[in-house]
Amino acid sequence: MEPLTRERAKPAVPFGGRYRIIDFCLSNFVNSGIYKIKVLTQYKSDSLNNHLSRAWRMAAFVGHYCEPVPAQMRTGGDWYKGSVDAIFQNLNLISDEQPEHVYVFGADHIYIMDVEQMASFHRQNQADCTVAAIPVPIEEGSQFGIIDVDTNGAIRNFLEKPKNPPPMPNNPKMCLASMGNYLFNTSVLVDEVIRDAKDPNSSHDFGKSILTKLHKHARVYAYDFASNIVPGQTQNERGYWRDVGNIDAYYAANMDTIAVEPVFNLYNQQWPIQAYIASLPPAKFVFADFDQNRAGYATDSMVSEGCIISGGRVDRSILSPKVRINSYSEVSDSILMENVEVGRHAIIRKAIIDKNVTIPPKTTIGVDLEEDRKRFHVTDSGIVVIAKGTHID
């Protein structure tokens, strides 16, 4: 995700104009009726901590909270060695709260999920651990941690990026990929992370270090995410999950939100995605001199609050708050983050421009990729990425 993660943790990267990636995981919990959330943070966490403090103030009066927990090195002088070690170093959070179950979810994926349905599946099967899994074509299985299950969903094996993935029961064309989301009975989780901490050869990863062994002596089940039904969701949207671990995947997931009938819909009022709402004026579109090509308008796009489209054209793009598009400029197939200004007569195509960047008049981006590579990061697929605060001559 470089350079978008140059100054921030991946969960804090903006998404969909006015959200952060972490907002989707947190909204899923809150919409599912789960109101006690700890966010374990580590590197470059200032942006993430600020966002949590501003956007996720919950009702402490009734015991609700969403709190960042910085790496405290409670068990020694090391940063987190992996996801399992992060839990081990913060076992005091569990002992203080004494929950019956603990969810361990990553905060860097884009999806909508009713977590209570996963919990219901967990209880029905009297499971010790339940892993959320998504069906993927079997030819793509070598890219994921793959779960081998029986016809009841009980996990028989966990394989990390296997060359020959085992198919789903009754569907030889698909296999089950782990989403990195887990639900544990508390006692099982505590026992496993303590055992893992004593293993000097462990990678301290939930998939490699816990799931590969836990299914041999505990009741471990896979929850099929494709069966998850969220209120207000269409059939076309069900089962949508994206690991935005690189620029191309991140760009594609953003573009999935702006179609007429999007496969990832941000407008479902029955399952709202919560975010920080700044006190900004509505978006404004000015000038209508079409004869002189000075008209402010946007098509097939999302335009956030505080934006001004001043005589420029925006198409198939996402604009975060406080973006200004000046006269005669053209922006297409792009993602512009907060406080970006595009100068007159500039042309921007298939680009991601991070916060606080000013594009000078008559600049072209995404038109000549060889020239762009001399100044900016350009992916193999041709997406130009301009880092936060870049000064462009």
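Below or above, wherever it landed, is the structure these notes cover. (Residues numbered from 1 in each chain as written. Predicted model: local features only at pLDDT ≥ 70, side-chain atom pairs only at ≥ 80, totals over all residues. Heavy atoms only, no water.)

### Details of the overall build of the chain
Now for step 1: When its secondary structure is counted, the chain shows nine helices and 30 strands.
Now for step 2: Taking 2.2 N^0.38 as the reference for a compact globule, 393 residues should give roughly 21 Å; the C-alpha atoms of the chain span a radius of gyration of 23 Å, in line with that estimate.
Now for step 3: By its C-alpha atoms, the chain is 75 × 50 × 40 Å across when sized along the principal axes.
Now for step 4: Considering the chain as a whole, with its 393 residues, one finds that 51% of them fall into the buried category.
Now for step 5: Of the roughly 18,300 Å² of accessible surface on the chain, a fraction of 47% belongs to carbon and sulfur atoms.
Now for step 6: Measuring between centres, the 40 positive side-chain charges of the chain sit 3 Å from its 46 negative side-chain charges. (Helix = DSSP H or I, 4+ residues; strand = E, 2+ residues; numbered from the N terminus. Rg over C-alpha atoms; globule rule 2.2 N^0.38 Å. Buried < 20%, exposed > 50% of the residue type's maximum accessible area, 1.4 Å probe, protein only. Areas by Shrake-Rupley, 256 points an atom, 1.4 Å probe, with all protein chains shown as cover. Lys, Arg positive; Asp, Glu negative; His and termini not counted. Charge placed at Lys NZ, Arg CZ, Asp CG, Glu CD.)

### A closer look at the nonpolar core
Now for step 1: Formed by 37 residues in total, the largest nonpolar core has its most connected members in Leu26, Leu52, Phe105, Tyr111 and Met113.
Now for step 2: For this core, the elements supplying multiple residues, two or more each, are helix 1 (22–31), strand 3 (36–41), helix 2 (46–55), helix 5 (115–124), strand 7 (129–137), strand 10 (174–185) and strand 11 (220–224).
Now for step 3: If we ignore the near neighbours within four places in the chain, the residues touching Phe105 are Cys25, Phe29, Tyr111, Met113, Val115, Met118, Gly180, Asn181 and Tyr182.
Now for step 4: Judged by nonpolar contacts, the second largest core, of 30 residues, contains Tyr19, Val244, Tyr250 and Leu266. (Core = buried A, V, L, I, M, F, W, Y, C linked by side-chain atoms within 4.5 Å. Contact = heavy atoms within 4.5 Å.)

### Some words on the environment of Met113
Now for step 1: With respect to the helices and strands, the residue Met113 is situated in the loop between strand 6 (109–111) and helix 5.
Now for step 2: Met113 sits 126 residues away from Gly239 along the chain, and the two C-alpha atoms are 8.7 Å apart.
Now for step 3: Non-local contacts of Met113, meaning those with residues more than four positions away in its chain, are made with Asn28, Ser32, Phe105, Met118, Ala132, Tyr223, Phe225, Asn228, Val230 and Trp271.

### A few points about the layout of surface pockets
Now for step 1: Taken as a whole, the second largest pocket holds about 510 Å³ of empty space.
Now for step 2: Considering the residues around the second largest pocket, the lining is formed by 24 residues, among which Arg20, His51, Tyr276, Glu338 and Lys355 are closest to the centre.
Now for step 3: Of all the secondary-structure elements, those providing two or more residues to the lining of the second largest pocket are strand 2 (19–20) and helix 2.
Now for step 4: Ranked by residue count, the leading element in the lining of the second largest pocket is helix 2, at five residues.
Now for step 5: Residue composition of the lining of the second largest pocket, grouped by class: seven nonpolar, five polar and 12 charged. (1 Å grid on protein atoms, 1.4 Å probe; cavity = no way out; pocket = protein on both sides within 12 Å on 5 of 7 lines; lining within 4 Å. Points joined across faces, edges and corners; volume = space filled by probe spheres on them. Nonpolar A, V, L, I, M, F, W, Y, C, P; charged D, E, K, R; others polar.)

### Brief notes about the sheet that holds strand 26 (residues 351–353)
Now for step 1: With mixed pairing, six strands are arranged side by side in an open sheet as 17-20-23-26-30-29. The open sheet is flanked by strand 17 (302–303) and strand 29 (377–378), the only strands paired with a single partner.
Now for step 2: Note: strand 20 (residues 318–319) against strand 23 (residues 335–336), two bridges, orientation parallel. Bridging from a neighbouring strand, Ile318 pairs with Ile335 of strand 23. (Pairing = 2+ DSSP bridges.)

### A few points about the pairing of strand 4 (residues 65–70)
Now for step 1: Note that strand 3 and strand 4 share six bridges and pair parallel. When the bridges of strand 4 are listed, Lys36 appears paired with Tyr65.
Now for step 2: Between strand 3 and its parallel partner strand 4, the chain crosses via helix 2, and the hand of that crossover is right-handed. (Right-handed = clockwise from strand over helix to strand, strands pointing away.)

### Re the packing of aromatic side chains
Now for step 1: The final tally for this structure, using the stated rule, is 16 aromatic pairs.
Now for step 2: Centre to centre, the rings of Phe121 and Tyr221 are 6.2 Å apart; their planes meet at 75°, and the pair counts as edge-to-face. A residue pair is termed long-range when its members are at least 10 positions apart, and Phe121 in helix 5 and Tyr221 in strand 11 qualify at 100 residues.
Now for step 3: Aromatic pair Phe184 and Phe206: ring centres 5.7 Å apart, planes at 45°, arrangement tilted. (Phe/Tyr/Trp six-rings, centres within 6.5 Å; stacked < 30°, edge-to-face > 60°.)

### A short note on the packing of helix 1 against helix 2
Now for step 1: One can describe the packing of helix 1 onto helix 2 by two numbers: an axis separation of 12 Å at closest approach and a directional angle of 35°. Remark: the crossing between helix 1 and helix 2 carries right-handed chirality. Contacts between helix 1 and helix 2 involve Ile22, Asp23 and Leu26 from the first element and Leu48, His51 and Leu52 from the second. (Axes fitted to C-alpha atoms, helices over the stretch in contact; angles between N-to-C directions. Left-handed = near helix turned anticlockwise from the far one by under 90°.)

### Section: the pattern of salt bridges
Now for step 1: According to the stated counting rule, one finds 18 salt bridges in the structure shown.
Now for step 2: Among the salt bridges present, the one from Glu305 reaches Arg18, with a minimum N-O distance of 3.4 Å. Remark: Arg18 occurs in the loop between strand 1 (14–15) and strand 2 and Glu305 occurs in the loop between strand 17 and strand 18 (308–310); sequence separation between them is 287 residues.
Now for step 3: In this structure, Asp199 and Lys213 form a salt bridge, with 3.8 Å as the shortest nitrogen-oxygen distance. (Salt bridge = Lys/Arg side-chain N within 4 Å of Asp/Glu carboxyl O.)

### Brief notes about empty space enclosed by the protein
The probe, sized like a water molecule, is rolled over the atoms to show the empty space still left.
Now for step 1: For the structure shown, the criterion picks out two cavities of 30 Å³ or more.
Now for step 2: Quantified by volume, the largest cavity comes out at close to 120 Å³.
Now for step 3: In this structure, the largest cavity is lined by 15 residues; those nearest its centre are Ile112, Gln233, Glu237, Phe264 and Asn265.
Now for step 4: A class-by-class count of the residues in the lining of the largest cavity yields nine nonpolar, five polar and one charged.

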